[in-house]
Amino acid sequence: WAALAAPLLMWSEFLSMGMSRHGYNLLTRPFSDLATRGTQNAGFFDLGFFIVPGVLTVVIGLGLFAVSSNQAWRIGAVMVTASGVFLTAAGAFPQDPNSFVEGLLHGTMAQTCFALASAAPLVLFIGSGNKTPFAPPRRVWLGAGIAAFAIEALAIALRPLVSYPDGFFQRPFTLVLTIWF
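Residues numbered from 1 in each chain as written. Predicted model: local features only at pLDDT ≥ 70, side-chain atom pairs only at ≥ 80, totals over all residues. Heavy atoms only, no water.

J.: Pulling in residues and values, what's your account of the pattern of salt bridges?
T.: Enumeration over the complete set of coordinates arrives at three salt bridges. In this structure, Arg 37 engages Glu 102 in a salt bridge whose closest nitrogen and oxygen atoms are separated by 2.4 Å. With Arg 37 in the loop between helix H1 (2–20) and helix H2 (42–66) and Glu 102 in helix H4 (residues 100–127), this pair connects stretches of sequence that are 65 residues apart. One connected set of salt bridges, linked through shared partners, spans Arg 37, Asp 96 and Glu 102. (Salt bridge = Lys/Arg side-chain N within 4 Å of Asp/Glu carboxyl O. Helix = DSSP H or I, 4+ residues; strand = E, 2+ residues; numbered from the N terminus.)

What follows is the structure in structure tokens.
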């Protein structure tokens, strides 16, 4: 249930809070803007987008680890668990326009979560090797893993070359991970 609840909660928080925030652009602004300290409903968004889904992701990772059959699967499960820990930590350190350190901590926790979450489906795909090569859900893991990794890599590669809104890559990345969950 955690695998269904985490993305459902994240998307419902994002859409409801994003649509109700005057001037917030759902396509281009980063998710984290909705949790910026001092803004309307920031605490509720922080709880429903970062903290509770982070804890649910940890539960998912622990469940995956409990049914592990080999080293790669265990590594993938640990990556999922760690991405949940870092998602929760991103919520524990919300952006604060008056604090460089809190913004840095939030960004570091979020980027670490994204990096782990982008690679975990690929590692789980490799770890599920005793199943038919392209049987579901392996196809979903492979497709989501390649897509998430490619989106993250492209965003990192383009950042020094091109100015783009932070939210531009977050939407497809989060959608891919929602499909994977």
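Still more ground to cover, so stick around.
J.: Tell me about the nonpolar core, and name the residues and values.
T.: Counting 44 residues, the largest nonpolar core has Phe 14, Phe 45, Phe 49, Phe 50, Leu 64, Val 80 and Phe 173 as its most contacted members. Among the secondary structure elements, those contributing two or more residues to this core are H1, H2, helix H3 (71–92), H4, helix H5 (138–158) and helix H6 (167–180). For this core, the element with the most residues is H4, which contributes eleven residues. Setting aside residues no more than four positions away along its own chain, Leu 64 makes contact with Trp 73, Ala 77, Val 80 and Leu 124. (Core = buried A, V, L, I, M, F, W, Y, C linked by side-chain atoms within 4.5 Å. Buried < 20%, exposed > 50% of the residue type's maximum accessible area, 1.4 Å probe, protein only. Contact = heavy atoms within 4.5 Å.)

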